[in-house]
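Chain residues, written in single-letter form:
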Amino acid sequence: MSEATTGGARDRSVDAALAAAGLDPDVARRHLDEAGLVPADGQVVADGVLDDLLDAVSGTADPMDAFVAVTALAAHQPDLFSEVRRERPWLDRIAAVAGTSRPLGDLLARYEDATRAVETLEPVSSRTVADQARNAVLSHEGRDDRAAAIASIRRAATADVAARDLTGVAEVEEVAAELSALAEGVLTGALAGLVEAETDGEPAARIAVVGMGKLGGFELNYVSDVDVIFVHAPTGDGPDAENRAAAEAKAVLEELLGLLNASTTMGRAYEIDPTLRPEGRAGPLSRTVGSFVAYWERWAKTWEFQALLKARPVAGDRELASQLLQEAEPFVYPDELDPNVVAEIREMKGRVEAKPEVVRHGQRQVKLGPGGLRDIEFAVQLLQLVHGRADRSLRITGTLPALEALARGGYIADEDAETFAEAYRMLRRVEHRLQLAKERRTHTIPDDEDRQEWLARSLGYSAEGDAPARSEFLRDLRRVQGEVRDLHSKLFFRPLLESHAAVPAEAAGVALPHEVKVMGEEAAWTRLAALGFDDPRAALRDVRALTGGVSRRARTMRAILPGMLHVLEDAPDPDTGLKALRRLVESQGSSSRLLAHLRDHPPAAELLARVLGTSEVAGELFLAHPQGVEWLLDEEVATDARTRDELVRLAQGRLGWQDVTAALRRFKRHELLRIVLRDIAGRATASTVSEELTALAEACLEAALAAEHEAVADERGVEHDGLPVTMAVIGVGRLGGRELHYPSDLDVLFVHRAGPGASDGSAGEIAAAVAERTMSSLSRITAEGTAFEVDADLRPEGRSGPLSRSLDSFEQYYARWAEPWEHQALLKARAVAGDAELGAEFEAAVRDYAYPADFDEEHVRRMRKMKARIERERIGRRVDADRHIKLGPGGLSDVEWVVQLLQKQHGHDTSLIRTTATMTAIDALQDASILAHRDAQWLRDGYRFLSAIRNRLYLMRIRNVDVMPSEVDRLERLARGLGYGRGGRQELEADRLRHKRHVRQVTERVFYGIGE
């Protein structure tokens, strides 16, 4: 083979290798030639040079840029290039930097100091940089030379950081921390050098630099504004000391800014931005600590305090800087934070997002766009502002460390913190690569596909088959941005922030074990007593049990308990509420579902605290049904009561897989919790509570009657619909009137009809069995209590009479043997369960007994006598009748008897007033002009008021719900439970006496005929 042929083949193989490495062979050969890497015969020497170059550049973001920079290094510094080639990792680092950043690649190609900076893997030392910067100032004359020297130090160190970043040696947070250390070192050394050079070693001012923004948070980018504020203090005393110090500080700092901001042949050291200082550019460049404090007290805006979250000493007199930040703490983390601050920060974030350039670029803007870095930073900072007041562990300047602290403290879920942290790292890496490309400040993904491909490769993505590297990168980016946006919305707009903002720091402090440790037990007791706890020692034990330790449960409780304590402070019984919360949390064991729900839905946590602090019964219901916590934020629970038909379906559904007795008890307690929540939350009036309780009772009766009907059929060996009897349940008393209170029994009558071919005797026997089982299934006492106490004693002949009767039997009894009070009881008779047709027939059959045509004065006299006897017999001797809210003067009974008397007198002729409900009857009596407007209003108001009291007494677990408590503490708890607030017991008593007086006046005039 000829030599020419061999040479041509060699050229073709070289071109193929160059192309395979991602290079243009013609351009690459030209750079090889300019670098002197091609011998005179025009062939690339076979000593491994080309192999080394191609191996180093082929995996970089832009192989051509890397190749140009490395060959330029060989051209400009051949000896150094030979040294670099022998240390292959060094060459790889240079190629990685050059393949990502043309400016830094050019720097490495031309300047030995920069090239040697990336020789080792040692991280940037702030102290070393400070010494270099100080020497640069002291060894050069004139701003331009000094600035160029410092800029070269900064750029060489930047290349060093980039080399470790791009080769995977340093993680993104380490990169940001090193870039921050680099800026800190430059500021420290340059300031020290200037003070030394400008003051002849006898400065009149102590000067400190406080890092803000990304510098303060150890989060600088490759190209960032370096936000700072300056503080000074005089070194001496005397009348002119402050003036001399201010003048010197101004001169030195202006020179510092001019030096670091100057454009030089080596570029610019930094863009130092001091405009976060008080009054911005219009304010003095530096102030004393006292001047800062005076400004904060009078003029500072919310964003200025938010900016101080990231403040830390970075240069100069660090003791002075620390003094300033110590003075700033009460302003950044006040004991009481106006909830409007939260709204203001949200509004400020909204204004940023509405900027035209942000809207224009959308998600391509990885800093300010949707799902960008600002979403993470604002959410974290807002959480810090709110919770850091009581928890000093959150007073951290860096975003990632703050996220860790928030998760450690339970203020956000571990998985949410991890999602934010990983997203933050990715977005910062993207931002870093964008800025490295041309050493320009940018945060926008290019819309050019080639540049997107370069960006993806710089981040380690590679092409897969026909899909370019950018495809997977953009997919990951959109996913991460979506996760950030969702989580930002969840955290940044969670009502928890307003809730906790309103919590005084001292209330939050007693929920944090480390704060208690600092303040001491006695101080913690004092604070708990101030929050309204009668037994602060027991309360502190509960707090410790809830928040102590390192478990996830304890961490989450430390986040949510301060807000709950603040709510308990205004609850009727904080001690009982806190104990109930502890039992509820401990009943969940290691499960964090309940607490996660409370943490992520702050209104639910607040309502739970209010409910537990108001009602001991509610605490017991929650303990039995902790899933009821989900109702605390359920809008349907908040606005809608369940209908009777819904409840019947739910009750019957439970009977398909549970024992009747157990199923109905659990169902009743479960639905009762729902009613209690609506009641205490103020979403249900006393009247609607009665209606909801009645619907629940009817559902249980309906389900029990159907289930026991089937059970009796099973016992008799017939089909479920084969029993020869039809039954209905008639509600009387409060059940019939839809006026149940929490402690009410269910007064019922059972009526039946014999089926085809059945005798009255056999039908009665079967009906009695079904009725007895129905009552037992609801009334039987178990470990879970009873569903409802069902009472059939109002039936004909009372307990000695048959449990169920036919309709004919009822009619005969009421026609021949019934007492007047039994006819009066029929005013409340209403079909509530079972066969609807039979129930309607019963109502029609007894109507004339309830509303007689001949109700004369003798009947009125008997009715008055009966009322007096009941009150005399049923009010205990040791009970003050005046405080009996049911049977005492002006009590519930007065209202009911007045209404029933008027119904008996006028109901036969006035169909409008034929209703079983007391409140509806009052309205109808007023509309029929039988009851005066004022009298009707007094009866309505009194009935509602006393019903609410009776219900609250039950929820407080007071044994005798019919007697108004006289003990000061119980009366105070009752008043607060009814919404009177602290010290409201006297107002409650005044209202009770007023309603009692009004109801009694109507009763004496209308019922007893006194004063007519």
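These numbers come from a predicted model, not from an experiment.

Can you lay out the overall build of the protein for me, pointing to particular residues and giving the numbers?
Along its length, the protein carries 48 helices and 12 strands. What you see for the protein is a C-alpha radius of gyration of 42 Å, clearly larger than the 31 Å of a compact globule of 1012 residues, by over 25%. For the protein, the C-alpha atoms occupy an extent of roughly 135 × 90 × 45 Å along the three principal directions. Looking at the 1012 residues of the protein, the share that counts as buried comes to 56%. When contacts within the protein are restricted to residue pairs at least 6 apart in sequence, long-range pairs at least 24 apart make up 72% of them. In the form shown here, the protein has an accessible surface area of approximately 42,500 Å², with 46% of it arising from carbon and sulfur atoms. Once the 130 positive and 166 negative side-chain charges of the protein are each reduced to a mean point, those two points are 5 Å apart.

Run through the pattern of salt bridges, naming residues and quoting values.
This model, assessed by the stated rule, comprises 71 salt bridges. Here E671 and R642 are joined by a salt bridge, their closest N and O atoms 2.9 Å apart. Of this pair, E671 sits in helix α36 (residues 660–680) while R642 sits in the loop between α34 (635–639) and α35 (644–655), and the two are 29 residues apart along the sequence. Here E671 falls in the buried class, since its relative accessible area comes to 4%. Overall, the relative accessible area of 23% leaves R642 in the partly exposed class. For E702, the salt bridge is made with R644, and the minimal N-O distance between the two is 2.7 Å. In this pair, E702 is assigned in helix α37 (residues 686–716) and R644 in helix α35, connecting sequence segments 58 residues apart. The exposure class of E702 is buried, given its relative accessible area of 16%. Linked through salt bridges whose partners overlap, the residues forming this network are K867, E871, D894, R1000 and E1004.

Give a description of the pairing of strand β2 (residues 225–234) that names residues and reports values.
In the case of a regular strand, side chains alternate between the two sheet surfaces. Where burial is concerned, most of β2 is hidden: 8 out of the 10 residues are buried. Bridge count for strand β1 (residues 205–211) against β2 is 7 bridges, and the pairing is antiparallel. Bridge pairing links A208 to V231 in β2. Across 3 bridges, the pairing between β2 and strand β5 (residues 271–273) is parallel. Paired with D227 across the strands is D273, a residue of β5. Of the strand pairs in this sheet, β2 and strand β6 (residues 286–287) are connected by 2 bridges, and their pairing is parallel. The residue of β6 that forms the bridge with V231 is R287.

Give a description of the packing of aromatic side chains that names residues and reports values.
Two descriptors summarise a pair of aromatic rings, namely the distance from one centre to the other and the angle between the planes of the rings. Scanning all chains against the criterion turns up 11 aromatic pairs. Judged by centre distance (5.8 Å) and plane angle (70 degrees), the rings of Y813 and Y814 are edge-to-face. Here the guanidinium or amino end of R451 rests over the ring plane of W454, the centre of that ring lying 4.4 Å away.

Tell me about the environment of A251, and name the residues and values.
Position of A251 among the secondary structure elements: in helix α13 (residues 241–261). Classification of A251 as partly exposed rests on a relative accessible area of 46%.

Could you give an account of helix α28 (residues 536–547), naming the residues involved and the relevant values?
Every α-helix winds through 3.6 residues per turn, so residues three or four apart in the chain are directed the same way. Compared with an ideal rise of 1.5 Å per residue, which puts 12 residues at 16 Å, α28 spans 16 Å between its outermost C-alpha atoms and is within 8% of the ideal. If you check which residues of α28 are buried, you get P536, A538, A539, L540, D542, V543, L546 and T547. Trailing α28 by a residue or two, G549 shows a phi angle of about 95 degrees, which is positive.

Give a detailed account of the nonpolar core, specifying residues and quantitative values.
Formed by 138 residues in total, the largest nonpolar core has its most connected members in L578, L581, L598 and F622. The biggest single contributor to this core is α37, with 14 residues. Setting aside its immediate chain neighbours within four residues, F622 contacts L584, L608, V611, L612, G628, V629, L632, L673 and L677. Grouped together as the second largest cluster of nonpolar side chains are 92 residues, V57, A157, A183 and L220 included.

Residue-level account of the confidence of the model for the protein, with values.
Per-residue pLDDT for the protein averages 88, and the proportion of residues at 70 or more is 92%. Counted against residues more than four places away or in other chains, residues 1–8, with its pLDDT under 50, gives 2 contacts.

Describe the packing of helix α31 (residues 593–600) against helix α32 (residues 602–614), naming the residues involved and giving the relevant values.
Two numbers describe how α31 lies on α32: the axes approach to 4 Å, and their chain directions differ by 110 degrees. In terms of their interaxial angle, α31 and α32 are classed as roughly perpendicular. Along its contact with α31, which presents H597, L598, R599 and D600, the element α32 presents P602, A604, A605 and L608. A per-class count over the contact of α31 with α32 returns 5 nonpolar, 1 polar and 2 charged.

Quick one: what's the story with unusual backbone geometry, residue by residue and with numbers?
Phi is positive for R738, close to 55 degrees, though the residue is something other than glycine. With respect to the helices and strands, the residue R738 is situated in the loop between α38 (733–736) and β9 (746–754). Here R957, not a glycine, exhibits a phi torsion of approximately 65 degrees, which is positive. Relative to the elements of secondary structure, R957 occurs in the loop between α46 (933–955) and α47 (968–977). For R957, a relative accessible area of 39% translates into the label partly exposed.

Describe the packing of helix α29 (residues 552–569) against α31, with residues and values.
At their nearest, the axes of α29 and α31 sit 10 Å apart, and the two run at 25 degrees to each other. Relative to α31, the element α29 is oriented roughly parallel. Our pair here, α29 against α31, has a crossing hand that is left-handed. Packed against α29, whose contacting residues are R553, T556, M557 and I560, the element α31 presents L595, L598 and R599 at the interface. Residue composition of the contact of α29 with α31, by class: 4 nonpolar, 1 polar and 2 charged.

Please provide a residue-by-residue account of helix α22 (residues 449–458), values included.
For α22, every residue scored as buried is listed here: Q452, E453, W454, L455, A456 and S458. Where α22 begins, one side-chain oxygen reaches toward the backbone nitrogen of D450, 3.1 Å away; that side chain belongs to D448. Among the residues trailing α22, G460 stands out with phi positive, at a value near 95 degrees.

With reference to specific residues and values, describe the side chain of T614.
Position of T614 among the secondary structure elements: in helix α32. Residue classification places T614 among the buried positions, given a relative accessible area of 8%. Looking at T614, its side chain comes within polar contact range of the main-chain oxygen of R610, at 2.6 Å. Excluding residues that lie within four positions of it along the chain, T614 makes contacts with P572, I680, R952, L955, M956 and G977.

Talk me through the environment of G369; I want residue IDs and the actual numbers.
Looking at the secondary structure, you find G369 in the loop between α18 (356–361) and α19 (373–387). For the pair formed by G369 and R553, sequence separation is 184 residues and the distance between their alpha carbons is 35 Å.

Report on the side chain of D416, specifying residues and quantitative values.
Within the secondary structure, D416 sits in helix α21 (residues 414–438). On the basis of relative accessibility, which here comes to 10%, the residue D416 falls in the buried class.

Cut-offs and rules
- Residues numbered from 1 in each chain as written.
- Predicted model: local features only at pLDDT ≥ 70, side-chain atom pairs only at ≥ 80, totals over all residues.
- Heavy atoms only, no water.
- Helix = DSSP H or I, 4+ residues; strand = E, 2+ residues; numbered from the N terminus.
- Rg over C-alpha atoms; globule rule 2.2 N^0.38 Å.
- Buried < 20%, exposed > 50% of the residue type's maximum accessible area, 1.4 Å probe, protein only.
- Contact = heavy atoms within 4.5 Å.
- Areas by Shrake-Rupley, 256 points an atom, 1.4 Å probe, with all protein chains shown as cover.
- Lys, Arg positive; Asp, Glu negative; His and termini not counted.
- Charge placed at Lys NZ, Arg CZ, Asp CG, Glu CD.
- Salt bridge = Lys/Arg side-chain N within 4 Å of Asp/Glu carboxyl O.
- Pairing = 2+ DSSP bridges.
- Phe/Tyr/Trp six-rings, centres within 6.5 Å; stacked < 30°, edge-to-face > 60°.
- Lys NZ or Arg CZ within 6 Å of the ring centre and 35° of its normal.
- Expected span 1.5 Å × (residues − 1).
- Core = buried A, V, L, I, M, F, W, Y, C linked by side-chain atoms within 4.5 Å.
- pLDDT = per-residue confidence, 0-100.
- Axes fitted to C-alpha atoms, helices over the stretch in contact; angles between N-to-C directions.
- Parallel < 35°, antiparallel > 145°, perpendicular 65-115°, else oblique.
- Nonpolar A, V, L, I, M, F, W, Y, C, P; charged D, E, K, R; others polar.
- Left-handed = near helix turned anticlockwise from the far one by under 90°.
- Polar contact = N/O pair within 3.5 Å; in protein donor to acceptor, adjacent residues only side chain to side chain.

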